[in-house]
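Below are the chains, spelled out letter by letter.
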Amino acid sequence: MDGKRLDTISERVDAAAVSAPDSIEDELELSTVRHRPEGLEQLEAQTRFSRKELQILYRGFKNECPSGVVNEDTFKEIYAQFFPQGDASTYAHFLFNAFDTDHNGSLSFEDFVMGLSILLRGTVQEKLNWAFNLYDINKDGYITKEEMLDIMKAIYDMMGKCTYPVLKEETPRQHVEVFFQKMDKNKDGVVTIDEFIDCCQNDENIMRSMHIFENVL
Amino acid sequence: MATGTAAWLPFARAAAIGWMPVASCPMPLAPRDNSKKKDELIMLNVSGRRFQTWRTTLDRYPDTLLGSSEKDFFYNEEAKEYFFDRDPDVFRSILNFYRTGKLHYPRQECISAYDEELTFFGIIPEIIGDCCYEEYKDRKRENLERLQDDQEDNKDMKLPNMTIRETMWRAFENPHTSTMALVFYYVTGFFIAISVITNVVETVPCGATPHHKNMPCGERYTVAFFCMDTACVMIFTVEYLLRLFAAPSRYRFMRSVMSIIDVVAILPYYIGLVMSNNEDVSGAFVTLRVFRVFRIFKFSRHSQGLRILGYTLKSCASELGFLLFSLTMAIIIFATVMFYAEKGSSSSKFTSIPASFWYTIVTMTTLGYGDMVPKTIAGKIFGSICSLSGVLVIALPVPVIVSNFSRIYHQNQRADKRRAQKKTRQARIRIAKSGSANAFLASKHHGLLNELLELTGTEEDEQKLIRNTSLLESQHHHLLHCLEKTTAHEFVDEHMFEQNCLEEALQSYPSRSPSVSSQGSCTICCCGSRSTSRNTALHIQSSQLAVHPSSRSNLNLRAEDGSRVNCKGGQVTTAIISLPSPPSLAPHREGRHHPHHPTTTTIRPSHRGEHPRSPRASRPPQAPHPPASSRCPPSDRSLSVDRNF
């Protein structure tokens with residue numbers, strides 16, 4: 001990818017070839033991986049954020065991750081801070097995969113800002129697309145019941161134990177059933193992107209809630 | 001919330017769109033961000049050094065000074081910046097906390113200064129990052145110990161109203177508090193030494209006599225040694241009983257190590273008295289005599305080094321335990337090996353494994369007595385391995401113990417040094433404080449002089465006086481004056497107060513006490529002639545007294561007689577701070593009040609009532625006066641206000 005320059009002191013050592021004397025260098029080099037994003041103009045063109053907004057976003061991002069990239073563990077830590085009562089790691093994992101569009105294991109500022117651009121400034125269609133992408137764990141274009149169950153469990157995990165009414169084992173499953181009943185029009189056990197978008201657009205609640213976070217930035 | 005969350009909150013909220021399609025209920029409305037002002041740069045001026053940061057950076061921690069509206073109190077309208085009159089170096093760490101979310105402790109800063117800054121800016125020290133937290137806690141603990149040490153030493157000061165029991169206990173614990181205690185300390189030390197020497201000499205062969213062969217002195221001069229022993233045990237018993245009586249918690253005292261040593265030291269004698277001449281148990285009686293050697297441990301009360309050693313061993317218990325354990329393991333291993341290696345040899349001394357223990361111990365500690373020596377080749381090989389490993393195993397825990405001892409020893413040295421320095425430090429501080437008190441008295445003197453000069457003197461002299469007091473001082477003195485007027489008492493200096501105390505205790509003034517009681521105040525007394533020749537900031541002038549009929553100076557007359565005697569020979573040290581020195585005017589002054597600047601002696605003796613000249617704090621005494629020496633409290637007067645108030 002253009003603009004991605006990796007400054008490393010030594011070559012990235014393959015995991016299999018790591019031996020004891022090399023591990024020190026390994027540590028050294030991991031800490032020096034840096035990433036510089038593309039220029040401001042390019043990002044401005046690619047996203048729907050203004051220059052100022054990009055500046056603010058980048059400053060916050062770089063403050064948190066001075067090396068310019070977020071790896072999954074850091075991402076999980078950060079996300080977990082918002083949900084102190086429950087365990088947000090599973091959901092954070094799914095989120096990470098949804099943001100990490102090029103699947104290279106780390107979130108750069110571009111990924112971050114692209115995702116945000118869709119979520120905050122995108123059309124309803126784009127947002128629904130993004131949500132579908134989040135639910136479709138293996139990115140095969142279909143949401144199966146298992147995938148949905150995983151997502152649902154992850155969401156309920158974030159609630160933690162102390163809830164009212166008390167969370168039962170089968171609550172996520174029931175929730176998935178309800179969801180599938182609503183979304184799966186042809187009852188073939190999977191939800192496709194069209195079914196999903198259609199159904200959501202017909203649902204008032206969902207439509208309304210899509211606009212809630214518009215003034216976040 | 002940490003910085004991370006603040007910066008990533010928009011992200012988390014945006015990602016919440018992922019829940020929308022699966023939501024079962026409608027979503028609540030989002031809060032509106034009405035304060036849509038742009039993020040601006042804030043200028044923070046800390047003692048001249050300017051820092052700039054975004055407003056949002058500071059807003060991350062709204063419960064601190066900089067993050068809340070509290071900083072508006074420091075806003076400087078003209079310069080449009082926030083001004084803080086604090087240390088700019090420490091402020092760096094504090095601002096970095098806002099920026100990075102981590103608070104670091106700069107190692108070169110003083111811990112209490114740093115703490116103060118944190119408190120000022122409303123940041124709790126617990127959030128110091130892991131990298132610096134340990135250092136912070138260590139320094140803080142050290143500081144606390146140091147302060148505690150100082151406080152403990154303060155407790156040496158004798159509190160009034162101590163019972164006999166408490167006095168005795170204090171005397172036992174700190175021999176330097178009174179002469180009696182010191183005498184007692186030395187006497188017991190002497191007798192311990194005598195006792196130990198007696199025990200040793202008892203066994204020395206004394207030389208042959210016609211009747212008997214060479215026998216130890218103990219059996220030749222039985223009576224003499226018995227008397228010595230009795231005397232020592234008497235002393236020890238008395239000492240033990242006295243300590244038991246004086247101890248604040250007898251049960252705890254009886255359980256303490258020193259008391260057990262005391263008991264063990266004197267018990268054999270009593271047991272011996274009880275079961276003398278009984279042949280069966282005389283063997284046991286002889287064994288008991290061994291315990292007499294424990295008397296030498298009583299020396300640990302007298303020697304600090306011994307105590308430190310004991311304390312070190314106690315604190316290194318785990319290292320010692322490890323040493324012992326590893327040695328035991330090694331001994332067993334090598335003894336077994338040597339036994340089986342030497343089994344073949346004909347006249348081997350290694351008859352059993354326990355017999356080989358002795359050889360192993362002697363070899364591992366590199367003693368090598370040579371009474372047991374391996375003869376086979378295998379035995380010799382294993383023997384050499386044994387001695388080499390012995391050297392290693394023993395050398396390992398020893399440095400730990402040594403370093404522990406060194407640390408504790410140095411700590412003790414430091415404590416002693418501090419205690420020694422403290423006396424001079426306190427003395428200097430006291431001088432400074434009394435200097436400020438004297439300033440007030442001096443100014444009163446000036447005030448009256450002024451009045452006089454208005455009547456008599458020249459313009460110049462008046463000007464000289466006036467110039468010498470700054471506005472701050474004059475305000476302070478006015479305040480003290482108001483206090484005097486409120487309470488209808490006056491401030492006096494220590495010396496005069498002491499004299500008053502003494503005189504009223506010693507003599508009775510039927511004619512004067514009514515005046516005292518009617519006045520209810522002890523006034524400033526006058527002092528005889530005094531002068532210092534040294535390089536002082538204050539010049540102490542003296543003059544003859546002039547009695548003003550309208551003054552409250554009925555006591556002045558009396559005091560004059562007494563004061564002259566007492567003033568002379570008093571010690572004078574220099575006052576350090578620059579006080580307004582009364583210019584040396586004409587030697588004869590018609591002032592009513594002549595404050596005597598005692599410029600206190602350096603050491604405040606702890607013997608109360610013995611040195612009437614020693615400086616004490618003064619307090620306007622109430623009439624009638626209780627006996628002076630036990631009642632004049634040593635506390636500093638309320639006058640010891642910081643001069644720069």
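What you see as residue numbers is a count from 1 along each chain, following the sequence as written. In the order they appear in the text, chains get letters beginning with A and ligands get numbers beginning with 1. Only residues with pLDDT of 70 or above have their local features reported here, since the model is predicted, and side-chain atom pairs are shown and tallied only from 80 upward, although totals for entire chains, interfaces and linings are computed over all residues. In computing side-chain values, all of the structure's heavy atoms are included and hydrogens and water are not.

In the nomenclature of an unreviewed UniProt entry, chain B corresponds to Potassium voltage-gated channel subfamily D member 3 from the organism Neogobius melanostomus. UniProt positions are given in the numbering used here, feature names are shortened, and annotations may be inferred rather than shown by experiment. According to the UniProt record, the Catalytic activity (unreviewed entry) comment for chain B is "K(+)(in) = K(+)(out)".

Taking an unreviewed UniProt entry as the reference, chain A is identified by name as Kv channel-interacting protein 4 belonging to Neogobius melanostomus. Looking at chain A in UniProt, the text filed under Sequence similarities (unreviewed entry) is "Belongs to the recoverin family."

Undergrad: I keep staring at the overall build of chain B and nothing clicks. Help me out?
TA: Numbering goes from the N terminus for both helices and strands, where a helix is a DSSP run of H or I of at least four residues and a strand is a run of E of at least two. For chain B, the helix and strand inventory stands at 23 helices and four strands. We call a residue buried when its accessible area falls under 20% of the maximum for its residue type, exposed when it is over 50%, and partly exposed in between, using a 1.4 Å probe and counting protein chains only. Within the span of chain B, comprising 645 residues, buried residues form 39% of the whole. Using a 1.4 Å probe, the Shrake-Rupley method yields the accessible areas, and only the shown protein chains count as cover for residues. When the accessible area of chain B is evaluated, it comes to approximately 36,900 Å², of which 61% is carbon and sulfur surface.

Undergrad: What should I look at first to understand the interface of chain B and chain A in this one?
TA: It is common to give the size of an interface as the accessible area that goes away when the parts come together. Taken together, the contact between chain B and chain A spans 33 residues of the former and 45 residues of the latter. Buried area counts how much accessible surface, traced with a 1.4 Å probe, disappears from two parts once they are put together, with both parts' losses summed. When the two sides are added together, the surface that chain B and chain A hide from each other amounts to roughly 3,200 Å², 71% of it contributed by carbon and sulfur. The rule for a salt bridge is simple: a side-chain nitrogen of Lys or Arg has to be within 4 Å of a carboxyl oxygen of Asp or Glu. Our count for the chain B to chain A interface comes out at zero salt bridges. As used in this structure description, the phrase polar contact means that two N or O atoms lie within 3.5 Å; if the pair is within protein, one of them must be able to donate a hydrogen and the other to accept it, and residues adjacent in sequence are counted only when both atoms belong to side chains. If you look at where chain B meets chain A, you find two residue pairs in polar contact (both at pLDDT 80 or more). Nonpolar residues are Ala, Val, Leu, Ile, Met, Phe, Trp, Tyr, Cys and Pro. Charged residues are Asp, Glu, Lys and Arg, and all others, Gly as well, are polar. Each residue belonging to the side of chain B that touches chain A can be placed in one class, and the counts come to 22 nonpolar, five polar and six charged. Any two residues whose heavy atoms approach within 4.5 Å are treated as being in contact.

Undergrad: How should the sheet that holds strand β1 (residues 41–46) of chain B be read in this particular structure?
TA: What holds strands together in a sheet is hydrogen bonding between their backbones, with the strands either parallel or antiparallel. All names here are of chain B. Here a strand pair is declared whenever DSSP counts at least two bridges between the two strands. Strand order in the open sheet formed by four strands is β2-β1-β4-β3, with mixed pairing between adjacent strands. The open sheet has two free edges, formed respectively by β2 (49–54) and β3 (75–76), since each of these has just one partner strand. Bridging between β1 and β2 involves six bridges; their strand directions are antiparallel. Residue N45 lies in a different strand from β2, and its bridge partner there is R50.

Undergrad: How do you make sense of the pattern of salt bridges when you look at a structure like this?
TA: Should the charged atoms of two oppositely charged side chains come close, the side chains can pair. Residues and elements named next belong to chain B. A full pass over the atoms with the stated rule returns 24 salt bridges over all chains. Measuring nitrogen to oxygen at the nearest pair gives 2.8 Å for the salt bridge that ties R292 to E202. Residue R292 is found in the loop between α12 (279–290) and α13 (304–315), and its partner E202 is found in helix α7 (residues 179–202); the two are separated by 90 residues along the sequence. By the burial criterion, R292 is buried, and E202 matches it.

Undergrad: Can you help me understand helix α15 (residues 353–364) of chain B in this one?
TA: Three or four residues apart is the spacing at which side chains of an α-helix point the same way, because the helix has 3.6 residues per turn. Residues and elements named next belong to chain B. Between its terminal C-alpha atoms α15 stretches 16 Å, which fits the 16 Å expected from twelve residues at 1.5 Å a residue. Taken residue by residue, α15 has S356, Y359, T360, V362, T363 and M364 as its buried positions. Of the surrounding elements, those touching the buried residues of α15 are α14 (317–342) and α16 (377–395). Residue T366 follows α15 closely and has a positive phi angle near 55°. For a helix, the expected span equals 1.5 Å multiplied by the residue count minus one.

Undergrad: I'm lost on the packing of aromatic side chains in this one. Help?
TA: Pairing of aromatic side chains requires ring centres within 6.5 Å, counting the rings of Phe and Tyr and the six-membered ring of Trp. Pairs whose planes differ by under 30 degrees are stacked, by over 60 edge-to-face, and all others tilted. If you walk through the whole model with that rule in mind, you get 47 aromatic pairs over all chains. Seen in terms of ring centroids, A:F99 and A:W130 are 5.6 Å apart; in terms of plane orientation they differ by 70°. Their pairing is edge-to-face. Of the two residues, A:F99 sits in helix α5 (residues 89–99) while A:W130 sits in helix α7 (residues 124–135), which places them 31 residues apart along the sequence. We classify A:F99 as buried; its relative accessible area is 2%. With 6.4 Å between their ring centres and 25° between their planes, B:Y133 and B:Y136 make a pair best called stacked. In this pair, B:Y133 and B:Y136 are both assigned in helix α5 (residues 130–154), three residues apart and thus about one turn of the helix distant.

Undergrad: Whenever I open this one, the packing of α7(B) against helix α9 (residues 222–246) of chain B confuses me. Can you help?
TA: All names here are of chain B. Every angle, taken between N-to-C directions, lies between 0 and 180 degrees, and every axis is a line fitted to C-alpha atoms, over only the stretch in contact when it is a helix. It is the contact of α7 with α9, at a shortest axis distance of 10 Å, that shows an interaxial angle of 145°. Read as a crossing pair, α7 and α9 show a hand that is left-handed. Facing F184, T188, F191, I192, I194, S195, T198, V201 and E202 of α7, the residues of α9 in contact are F225, M228, C232, I235, F236, E239, L242 and R243. The residue inventory of the contact of α7 with α9, partitioned by class, reads eleven nonpolar, three polar and three charged. Two helices crossing with the near one rotated counterclockwise from the far one by less than a right angle form a left-handed crossing, whereas a clockwise rotation gives a right-handed crossing.

Undergrad: Even after reading the chapter, I still don't get the UniProt feature "domain: EF-hand" (unreviewed entry) in chain A, so can you show me in this structure?
TA: All names here are of chain A. As recorded in UniProt, the feature "domain: EF-hand" (unreviewed entry) lies at residues 87–122, 123–158 and 171–206. Segment residues 87–122 splits into 67% helix and 8% strand. End C-alpha atoms: 29 Å apart. In residues 123–158, the share of helix is 72% and the share of strand is 8%. The end C-alpha atoms are 28 Å apart.

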